[in-house]
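# Inside the fold
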Amino acid sequence: MKAFFAEEQKRHDPKAFLSSGAPQPNPEQPERVERLLAGAKSAGLMIERPREHGLGPVAAVHTPEYLAFLEHIFARWQRIEGASAEVIPNIHPLARTGSYPASAVGQAGYHMADTACPISAETWHSALWSAWSSVEAAEAVMAGAPAAYALCRPPGHHAFADVAGGFCFINNSAVAAQVLRKQAARVVILDVDLHHGNGTQGIFYTRSDVLTVSLHADPVRFYPFFWGHADERGEGPGLGYNFNLPLPRKSADAAFLEALEVAFQRIRAFSPDALVVALGLDAFEGDPFGGLSVTTPGFSRIGEAIAKLGLPTIIVQEGGYLCDALGDNLTAFLTGFAANSDS
Ligand SMILES: [Zn+2]
């Protein structure tokens, strides 16, 4: 299986993070890349550098004003006397019914959902290369590869069409799905990250050509709190094309695999032509977020089960944070997947 990653993706190095209001080191560290690269290589993958793909594939799922914000906000922020080293919002619009603000501070509040996605000098380019890795993986599959892996970092599934959040800036899974739509009439995004893929849900919420399915820790007491509940099913033409499977905290392999079977029933009924797996590894029992209790062999079984869908598949890296088994968990997923596919 081909894998895609560019060194520029490591340059984004966020510092700020608040956990229950307390300042902590940001968990989305460049070191994650080293662990994930090692995990992909252990599974026998060959890492290739993606080509540049311009703004087109990214602009297909994000708004022009949001992309202009991401590209220029750091330089604008630096011109504010006494501003922080990283762009961090300190005000948010209520339900966004007002006007679009002209000021850098106002726009930070408008386009950033939380304090977990600080923007620094390298953020834009790292996020763009991360998206290009997912574009390249999608193009490899469109050219005939049965599957491809995009080592996307920074991750993407909390990014909406015009909002960053939860370590995410550009929604790489959504970008890949939209690229696949050039060939595939119906695409499914299956998100197995610990956290609900709220940005992905938001981007496709009114569409019936991209089915979004997410397994995650129940948001009733877990990030992203406001999305990920079972009654969020889509709107308008998209009604019935969003499927959330919230799991009780600390659910382990058996419960996760059982929910996956429920997801597969919905996916098979949709008859998709291609699959994007939003692969978070933070459902791991030893992940610092501690929300679910999937084991390393569990990731192998999840990979095996997903491969049995028999669909052309893009595997897009989402979460999974620094712990000893991070690389092993990726190896386990990819090895399990490869065992049941002809990739
Ligand atoms: Zn996550």
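Parameters at a glance
Residues numbered from 1 in each chain as written. Predicted model: local features only at pLDDT ≥ 70, side-chain atom pairs only at ≥ 80, totals over all residues. Heavy atoms only, no water. Donors = N, O, S within 2.8 Å, 3.2 Å for Na, K, Ca; no water. Core = buried A, V, L, I, M, F, W, Y, C linked by side-chain atoms within 4.5 Å. Buried < 20%, exposed > 50% of the residue type's maximum accessible area, 1.4 Å probe, protein only. Helix = DSSP H or I, 4+ residues; strand = E, 2+ residues; numbered from the N terminus. Contact = heavy atoms within 4.5 Å. Polar contact = N/O pair within 3.5 Å; in protein donor to acceptor, adjacent residues only side chain to side chain. Pairing = 2+ DSSP bridges. Axes fitted to C-alpha atoms, helices over the stretch in contact; angles between N-to-C directions. Left-handed = near helix turned anticlockwise from the far one by under 90°. Nonpolar A, V, L, I, M, F, W, Y, C, P; charged D, E, K, R; others polar. Salt bridge = Lys/Arg side-chain N within 4 Å of Asp/Glu carboxyl O. Parallel < 35°, antiparallel > 145°, perpendicular 65-115°, else oblique. Phe/Tyr/Trp six-rings, centres within 6.5 Å; stacked < 30°, edge-to-face > 60°. Lys NZ or Arg CZ within 6 Å of the ring centre and 35° of its normal.

## Brief notes about the coordination of the zinc ion
Coordination sphere of the zinc ion, protein contribution only: Asp-193 (OD), His-195 (ND1) and Asp-282 (OD), at 2.0 to 2.1 Å. Read in sequence order, the donor residues for the zinc ion give the motif D-x1-H-x86-D.

## So, the nonpolar core
One finds Tyr-149, Leu-190, Phe-256, Leu-260, Ile-302, Ile-306 and Phe-333 to be the most contacted residues of the largest nonpolar core, which totals 53 residues. The leading source of residues in this core is helix H8 (residues 253-270), at eight residues. Judged by nonpolar contacts, the second largest core, of 50 residues, contains Val-61, Trp-132, Phe-169 and Leu-180.

## Some thoughts on the environment of Glu-86
Note on placement: Glu-86 falls in the loop between helix H3 (64-78) and helix H4 (104-111). The spatial distance from the C-alpha of Glu-86 to the C-alpha of Phe-5 is 25 Å, given a sequence separation of 81 residues. Beyond its immediate stretch of four places on either side in the chain, Glu-86 contacts Asp-13, Pro-14, Lys-15, Ala-16, Trp-77, Pro-118, Ile-119 and Ser-120. Within the structure, Glu-86 has its side chain in polar contact with the backbone nitrogen of Ala-16 (distance 2.9 Å).

## Description of the pairing of strand E5 (residues 147-150)
The alternating pattern of E5 places Ala-147 and Tyr-149 on one face and Ala-148 and Ala-150 on the opposite face, and all of these are buried. Direction of pairing for strand E1 (residues 2-4) relative to E5: parallel, over a ladder of three bridges. Pairing of Phe-4 across the sheet is with Ala-150, part of E5. Here E5 runs beside strand E10 (residues 313-317); their pairing, made up of four bridges, is parallel. In the strand pairing of E10, Ala-150 is matched with Val-316.

## A short note on the packing of helix H5 (residues 123-142) against helix H6 (residues 172-180)
Two packed helices can be described by the angle between their axes and the distance between those axes. Contact pair H5 / H6: the axes reach a minimum separation of 9 Å and the direction vectors enclose 35 degrees. When the axes of H5 and H6 are compared, the crossing they make is right-handed. In this structure, H5 uses Ala-127, Ser-130, Ala-131, Ser-134, Val-135, Ala-138, Glu-139 and Met-142 to contact H6, whose residues at the interface are Asn-172, Val-175, Ala-176, Val-179 and Leu-180. Residues belonging to the contact of H5 with H6 are distributed by class as follows: nine nonpolar, three polar and one charged.

## Considerations on H4
A large share of H4 lies buried, amounting to seven of its eight residues. Turning to H4, its buried residues are Ala-104, Gly-106, Gln-107, Ala-108, Gly-109, Tyr-110 and His-111. Buried-residue contacts for H4 involve H3.

## Some details on the pattern of salt bridges
For side chains of opposite charge, pairing can occur when their charged atoms come near one another. Within the structure shown, the criterion is met by 12 salt bridges. Each member of the salt-bridge network shares a partner with another, and the members are Glu-7, Lys-10 and Glu-34.

## Considering the packing of H8 against helix H9 (residues 296-307)
In contact at an axis separation of 10 Å, H8 and H9 are set at 15 degrees when each is read in the N-to-C sense. In this view, H8 runs roughly parallel relative to H9, as classed from their interaxial angle. Here H8 runs over H9; the crossing is right-handed. Contacts between H8 and H9 pair Asp-253, Phe-256, Leu-257, Leu-260 and Phe-264 from the former with Gly-298, Arg-301, Ile-302, Ala-305 and Ile-306 from the latter.

## Observations regarding the packing of aromatic side chains
All told, the structure shown has 13 aromatic pairs when counted by the stated rule. Between Phe-226 and Trp-227 the ring centres are 5.8 Å apart and the planes differ by 85 degrees, which places this aromatic pair in the edge-to-face class. Judged by its relative accessible area of 65%, Phe-226 is exposed. By the ring-pair criterion, three or more aromatic residues cluster together here, those being Phe-160, Tyr-223, Phe-225, Phe-226 and Trp-227. Stacked on the ring of Tyr-241, the Lys or Arg Arg-266 has its end atom at 5.5 Å from the ring centre.

## Comments concerning the sheet that holds strand E7 (residues 210-217)
Sheet architecture is open: eight strands sit in the order E4-E1-E5-E10-E9-E6-E7-E8, paired in parallel fashion. Of all strands in the sheet, those with a lone pairing partner are strand E4 (46-48) and strand E8 (242-247), marking the two edges. In this sheet, neighbouring strand axes are inclined to one another by 20 degrees on average, regardless of whether the strands run parallel or antiparallel. In this sheet, E8 lies alongside E7 in parallel orientation, the contact comprising six bridges. In the sheet register, Leu-215 faces E8, and the bridge partner there is Leu-245. The sheet contacts of helix H1 (residues 31-42) involve E4, E5 and E10, and relative to E4 the element is tilted by about 130 degrees. In this fold H8 packs onto strand E6 (187-191), E7 and E8, with an angle of close to 170 degrees to the strand it touches most, E7.

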